[in-house]
Every structure is written in C-alpha cells, then in structure tokens.
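Okay, here's what each chain looks like letter by letter:
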Amino acid sequence: MHPVFEKIGFYPADILLPKDCDMTRWAVVACDQFTSEPEYWAAVEEQVGNAPSALRLILPEAQLKSPDVDAQIGKINETMDSYLCDGVFAEFSQSMFYIERQQSDGRIRHGLIGMVDLEQYDFTPGSGALIRATEGTVLERIPPRAKVRRNAAMELPHVMLLIDDPERTVIEPLSAAAESMEQVYDFDLMQNGGHIRGYRLREDQIHAVGEALMGLTCADEMQRKYGDGTAAPLLFAVGDGNHSLATAKACYEEQKQGLSEEECKRLPARYALVEVVNNHDDALQFEPIHRVLFGVDAAHLMGELRKAYPNAYEGQGEGHVIEVVYAGYRGYITIPDPTMQLAVGTLQSFLDTYLQTNGGEVDYIHGDDVTRELGSKPGNMGFLLPPMGKEQLFKTVMADGVLPRKTFSMGHAQDKRYYVECRKIVK
C-alpha cells in the first residue's frame, strides 16, 4: 500500500457488491431517515418483498426502541452471515469507487467510496485529528447503535465525509475519466431517491487521489484557506452519519483491548467504509435549521437575551442577525461583535442556559414558513437563522471545535446516502 494513505487515514477497501440482484430493491436509504414516518419504511418493506436487500442488514432507527429490538438485531446478524455464505456478493479487493448520485432536484452529487482509519477520527470538541465531527456527539446515542454493530459480520456505510477542496483536485478529475472506468452499477433508487452510478478506480487513479488528499493537508494550503499554516490539518469533516462513525469507533476500541499496534492494524473493525464528498460540490446545499420554542414568555426571554448581549439591538445591521417571531411580532435582532463564528452558536449558547433556568422546550425546524407559523402561536417563539455558507464549515470547526447541534442540513431526506456497498468487519 502506498505510504501516503497512512498519512491521510484514507484507504482503498475490499468492497462487497451484490451480484445478480435487483439493485433498486437492494439499496435503501440511511437508517436515521424518516424516523417519524413509519409508512415510509412500510412502503420499503412492501417494495423489497423477499428479494435480497440491504433492508435485511440494517435496523431503521425508528425501530431502535421496539420491544423486540434484540431479536431484530439477531436476525440482522444471521442474514449477514447467510448472505456471505450463500455467495450474494462479489468482492472488489483494494478498491475505491467514484459515484454519481442524481438527487431529487436533478443535480448530480459526486462522491468517492473508500475506508478511513478510526485511529485518525476523534469527535471530541477541539480535537486536532484528521477526521473530526462537525456537531456535538451525544454519547447516549452510541450504546443502542453499538448493539447493532457489535456482532455484525459486515458494515454498510451511510457516513458522508466532507473535504475542503475549492480547487477541485480530488474527486472532480474522476468525473472526466468516468467513461474509461469500469462501471460497477447504474440504477434507479427506490422511493424517489433519484439515480446512482458507480465506477471502480484504476490503480493510478487511486494513487492520484491519495496524493491530492495529501496536498490538502500541507502548510501552504492551510495558510491559504484558514490563515494559519501551523494549525493541525482538518482533512475530513463529518457531514452525515457522525453517530454511526462514533459507534464504529467505540466498537473498535472494545476489540483492540490488549492487542499490539501491529495486531490493531490488521483488525478489519479498525476501519470504516465512507463516502467522501467535496464541500464545494455544486449539488451539495446547506440549509439552515431554525428554532421554535414552546411554553416560554417572549417578553421575558427577549429581556434576558439583551442582558446576555448588552449591545444587541432591534433591526438588521453588522453582526449576527436573527429573525424573531412571536404572537403579534415579527422583526430582527442583531448581535454586534459576536465571539462565535456563526449566528446559530450565538443563539444556541443563550437558549441552552435560558431553557435550563426558566423551562420550556425547543424544536428544530426546516423551512421558513413553518417556523414563522409555529413561532407566532401564543406561548411560542420562532428564531430564523441565516444560512451558513459552505465556506464557513471548516473554518468554524477549526476555530470553535464543533458546531452547535442542528446547525445545518445537507439536502432532503430522500437525497441522503443509500446503502449500496458493504464491507466485512470480521476476519
């Protein structure tokens, strides 16, 4: 293996794909989507029927609290073993895949499938690891997910990592070369998921990807993009699936106890299959997630907000500008000279303290109109946050550690990653 891959923590993998299968019925959306819409998963169940499917290898998070969840997990593990024994898969050894995903809006998102070294990943705020979380990791969400992975023979990735590659040096050169590559799949995704194509990289292309990724970590590049050539490089920022990656890390930490460094390197569970996407991909859209409060006194809250930020004033100006809606009122508040990079950080730090002291509940809402409608009801308040520019993501994570929870959403639920590829995580 080329030594550059050890430096960047990203490798080719032994990728499994189903053979002789109806791929539309095989691929299903990430397990953490449509959690409040059981009818979605019922429709998937009906469409899959008795066909081989990734649905049989995952546990939708809507079912995590089911009374028979342990039996469901046991059945998943049995199905993984039977699929492996029955020759359901073809293996593409030491491979990377380039993928083109047509989203529900018709745009094409470009990705790269490979595996990351979990030793290079750290979700601790302020970490200097090559692979970092973008939002806070809720530790309580890991144990139930670990129950699914702990005895699993294979993994199916829905983790999406972002790279900050404004010059488009890593993934985009593969787009022009796709026609000369081996196509490994090309099919429609179920339930309005769009279309997906996958291509296997040649060895020279794999090495070129490694060198280009290495280039993103050099001091000159760090200075140019972030104004600090001495900062610890942030190569991969987790865009989607951080709790799944954290679960993989936790399970690996269990397995490596008492092993030598060389033995750890040979553990399949040390690595996790992921999709890498350029933060600057035109199809990748960041949408703000707004806040609606329930059971609060708007006048009291606004008074406390002014105490927390004495320089804040009504109207739009220089600084962090947030739209505020409550019964009989719609306007803006500006917090000048903020200490945080993003308006969501300024707001969320205040709301966390206020709600803990005064009571009330918060919900995280997509869509301006819904936020205004809910926020204008008696006893409620709505805060509409400005969109975060994609160029702010890496700089903010490096400066503030992690973003506040529910800072942004990357597209609609049906545009999230579908399970297609698999990888064995046991010897």
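The rules we used
- Residues numbered from 1 in each chain as written.
- Predicted model: local features only at pLDDT ≥ 70, side-chain atom pairs only at ≥ 80, totals over all residues.
- Heavy atoms only, no water.
- Buried < 20%, exposed > 50% of the residue type's maximum accessible area, 1.4 Å probe, protein only.
- Helix = DSSP H or I, 4+ residues; strand = E, 2+ residues; numbered from the N terminus.
- Pairing = 2+ DSSP bridges.
- Contact = heavy atoms within 4.5 Å.
- Polar contact = N/O pair within 3.5 Å; in protein donor to acceptor, adjacent residues only side chain to side chain.
- Phe/Tyr/Trp six-rings, centres within 6.5 Å; stacked < 30°, edge-to-face > 60°.
- Axes fitted to C-alpha atoms, helices over the stretch in contact; angles between N-to-C directions.

Let's hear about the pairing of strand S10 (residues 160-163): which residues, and what values?
Neither face of S10 is left uncovered, since the one carrying Met160 and Leu162 and the one carrying Leu161 and Ile163 both have all their residues buried. Direction of pairing for S10 relative to strand S14 (residues 271-278): parallel, over a ladder of four bridges. Within the sheet, the bridge partner assigned to isoleucine 163 lies in S14 and is asparagine 278.

Could you give an account of the environment of lysine 147, naming the residues involved and the relevant values?
Considering the arrangement of structural elements, one finds lysine 147 in helix H5 (residues 142-149). Along the sequence, lysine 147 and glycine 136 sit 11 residues apart, while their C-alpha atoms lie 21 Å from each other. Apart from the residues within four sequence positions on either side, lysine 147 is in contact with Asp70 and Ile73. Within the structure, the side chain of lysine 147 is placed 2.9 Å from the side chain of aspartate 70, a separation counted as a polar contact.

How would you explain the packing of aromatic side chains if you had to name every residue and give the values?
Inspection of the entire model under this criterion finds 15 aromatic pairs. For the pair phenylalanine 286 and phenylalanine 408, a centre-to-centre distance of 4.4 Å together with 15° between the ring planes defines the contact as stacked. Here phenylalanine 286, found in strand S15 (residues 286-288), pairs with phenylalanine 408, found in strand S22 (residues 408-410); they are 122 residues apart in sequence, far enough to count as distant. Just as phenylalanine 286 is buried, phenylalanine 408 falls in that class too. Centre to centre, the rings of tyrosine 326 and tyrosine 329 are 4.8 Å apart; their planes meet at 20°, and the pair counts as stacked. Aromatic rings pair up to connect Phe5, Tyr11 and Tyr271 into one cluster.

Could you give an account of the sheet that holds strand S19 (residues 329-335), with specific residues and numbers?
Pairing is antiparallel across the open sheet formed by six strands, whose spatial order is S17-S19-S18-S21-S16-S20. Each edge of the sheet is formed by a strand with only one pairing partner; in this case those strands are strand S17 (313-314) and strand S20 (361-365). Judged from the two bridges that link them, S17 and S19 form a sheet pairing that is antiparallel. Residue pairing for S19: tyrosine 313 is matched across the bridge by threonine 334. Sheet contacts for helix H12 (residues 343-358): strand S16 (290-294), strand S18 (320-326), S19, S20 and strand S21 (380-384); angle to S16, the most-contacted strand, approximately 15°.

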